[in-house]
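# Inside the fold
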Amino acid sequence: MFKINLKISAIFLIVLYIIMVGFFYNFYQHLVVKDAKQEVVNILNTTNTIRSYIENIQKPVIYNLKKEGKLYKDFFDSRVLSSTFIVQTIHQMYSNSQKLKNHISYKYKLAATNPRNPNNRADKFERKILENFRNNKIKEFSTTLEENGKSYFFVAVPIGRNQKSCMRCHSTPDVAPKELVQQYGDKAGFYEKVGDLRAIISLKVPISHIVSSHIKDFLITIFMALTIFIVFFIFLYIIYKKNLKLQARQDLLLLNQNKLASMGEMIGNIAHQWKQPLAQLSFILVNIELNSNRGKLTESKLKEKIDEANAQISFMSNTIDDFRNFFSSGKPQVEYDIKDVIALAKQLLSATLEKNRIKLDIDIKNNFRLAGYPNEITQALVNIINNAKDALVERKIKNPQISVQTFLKNSSKIVTIQDNAGGIDSTPIDKIFEPYFTTKFSNSGTGIGLYMTKMIIEKNNNGKISVKNLHNGASFTIIF
């Protein structure tokens, strides 16, 4: 039968769920950062495409309009001729629309070493990245940053290198449109060459924003995992309850089988114990008849013989009561003395032990009181002593002996039952407590007596039973 420890299973499932939540969190964090990086790179590549469109299509159209005289020669308006201004404006509009939709918030920046707009001047960190791009050491750059106690995800890519058309505004001030020089001055943004890498563009995203934007997916995942774990636990609980019912039925069946086996043994014991009183009663009746026939049956003699007969009948009645109480069940827990239980077990087995000339020594070093089911403890002791008796008889041990001892050790109340039958042939020795395991011949042992003994002591009476082989026999130890 498949056995389940519900408490251990619950702890295991909780620990496993916590580990899985941690795994899912790390997985989602890694995944969303990876997705965010790809999204950011796509935005930056789109930005470069826009810049390329402005440089290669939009600006040449405006320059041709100037040549044709449709625009004056020194015309300059950053809204149509500054790719940096146009891209920043487009990105700002895009970022605002994303915020309205509760999407990830980005911080866009163009960083250059010689920018016309001071806000676009590269810091030390950005200059180092720009230098690596200029030397073709990297094609894109990403990392995480810590600023003011917050974590950010940072991605940078280079803008397109200067083309010939770029020189109209970035070569020398005298070539540039006058309105441009008037607007930005003649110092910054000039004296560049074709092929120069002017700047990088970057996006900086708070990692908390990345994670929070995917929190719904994470919560759905852990909720689904929790649901699966709960369903699985319910499934285990159902199996556990069914196992309890099956175990209870099996225990009841084994207990009944053990009771029947014990009953057969006890009936034999009753018959043996009644032989002597019945013989004595027969002798009393014969004596009364003889005295009556001889005219010697006086009133006092009759009363004496009746008293003797009543004593024998009382003994037989007490014997029946002892066995009846032994087989009774369903009683509440009571307090009892261990010596009384041992005395009852001895009385129940006295006939069979006497028949097989087995000496039963009882040494009550310490008598102690217990709370539980004394009849069950009696049954457990009877099972152990009966097993010892069978081993002694089967092996034909000379001077067979069984000793029972009680004593206190620290806070433990201990009972030991030891025989001189040579020990138990079982490896490991604890297998004798398993159901249907027996060292006897198949026709003389059921293998349930010691199993039920263990169940009675450990499950019903909060004790602990163990066994070991000594130099001349087996020793059972019961600890309460």
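Cut-offs applied
- Residues numbered from 1 in each chain as written.
- Predicted model: local features only at pLDDT ≥ 70, side-chain atom pairs only at ≥ 80, totals over all residues.
- Heavy atoms only, no water.
- Salt bridge = Lys/Arg side-chain N within 4 Å of Asp/Glu carboxyl O.
- Buried < 20%, exposed > 50% of the residue type's maximum accessible area, 1.4 Å probe, protein only.
- Patch = residues over 30% accessible without salt bridge, like charges linked within 9 Å, V, L, I, M, F, W, Y side chains within 5 Å.
- Areas by Shrake-Rupley, 256 points an atom, 1.4 Å probe, with all protein chains shown as cover.
- Helix = DSSP H or I, 4+ residues; strand = E, 2+ residues; numbered from the N terminus.
- Core = buried A, V, L, I, M, F, W, Y, C linked by side-chain atoms within 4.5 Å.
- Contact = heavy atoms within 4.5 Å.
- Axes fitted to C-alpha atoms, helices over the stretch in contact; angles between N-to-C directions.
- Left-handed = near helix turned anticlockwise from the far one by under 90°.
- 1 Å grid on protein atoms, 1.4 Å probe; cavity = no way out; pocket = protein on both sides within 12 Å on 5 of 7 lines; lining within 4 Å.
- Points joined across faces, edges and corners; volume = space filled by probe spheres on them.
- Nonpolar A, V, L, I, M, F, W, Y, C, P; charged D, E, K, R; others polar.

### Thoughts on the pattern of salt bridges
Enumeration over the complete set of coordinates arrives at 17 salt bridges. Lys-70 is paired through a salt bridge with Glu-68; the nearest N and O atoms lie 3.5 Å apart. Assessed through its relative accessible area of 60%, Lys-70 is described here as exposed. Take Glu-68: its relative accessible area is 51%, and that puts it in the exposed class. In this structure, Asp-390 and Lys-389 form a salt bridge, with 3.0 Å as the shortest nitrogen-oxygen distance.

### Concerning a nonpolar patch on the surface
The grouping of Leu-226, Ile-230, Ile-234 and Ile-238 at the surface amounts to a nonpolar patch, some 320 Å² of accessible area in total. Among the structural elements, Ile-238 can be located in helix 8 (residues 215-293). Look at Ile-238 and you get partly exposed, because its relative accessible area is 43%.

### Description of the nonpolar core
With 40 residues, the main nonpolar core has Leu-381, Ile-402, Val-415, Ile-417, Phe-476 and Ile-478 as its most contacted residues. Contributing elements (two or more residues each) for this core: helix 10 (338-355), helix 11 (374-394), strand 8 (401-409), strand 9 (412-419), helix 12 (449-460), strand 10 (464-469) and strand 11 (474-479). It is helix 11 that contributes the most residues to this core, nine residues altogether. Dropping the residues within four chain positions of it, Leu-381 is found in contact with Val-341, Ile-342, Ala-345, Val-415, Ile-417 and Ile-478.

### Section: the packing of helix 11 against helix 12
Helix-helix packing is described using two parameters, namely the angle between the two axes and the distance between the axes. Where helix 11 contacts helix 12, the axes come no closer than 9 Å and their chain directions differ by 145°. Two packed elements cross with a definite hand, and for helix 11 against helix 12 that hand is left-handed. Note on element contacts: helix 12 touches helix 11 through Gly-449, Leu-450, Thr-453, Ile-456, Ile-457 and Asn-460, opposite Glu-376, Ile-377, Gln-379, Ala-380, Asn-383, Ile-384 and Asn-387.

### Here's the deal with empty space enclosed by the protein
The final tally for this structure, using the stated rule, is two cavities of 30 Å³ or more. Lining the second largest cavity we find Ile-342, Ala-345, Lys-346, Leu-360, Ile-362, Leu-381, Ile-385 and Val-404. Every element with two or more residues in the lining of the second largest cavity is listed here: helix 10, strand 6 (359-364) and helix 11. Examining the composition of the lining of the second largest cavity, we find that three residues originate from one element, helix 10, more than from any other. Here the residues of the lining of the second largest cavity sort into seven nonpolar, no polar and one charged.

### Side note on unusual backbone geometry
One non-glycine residue, Tyr-191, lies in the positive phi region at around 65°. Judged by its relative accessible area of 57%, Tyr-191 is exposed. In this structure, Lys-396 takes a positive phi of about 55° despite not being glycine. Along the chain, Lys-396 falls in the loop between helix 11 and strand 8.

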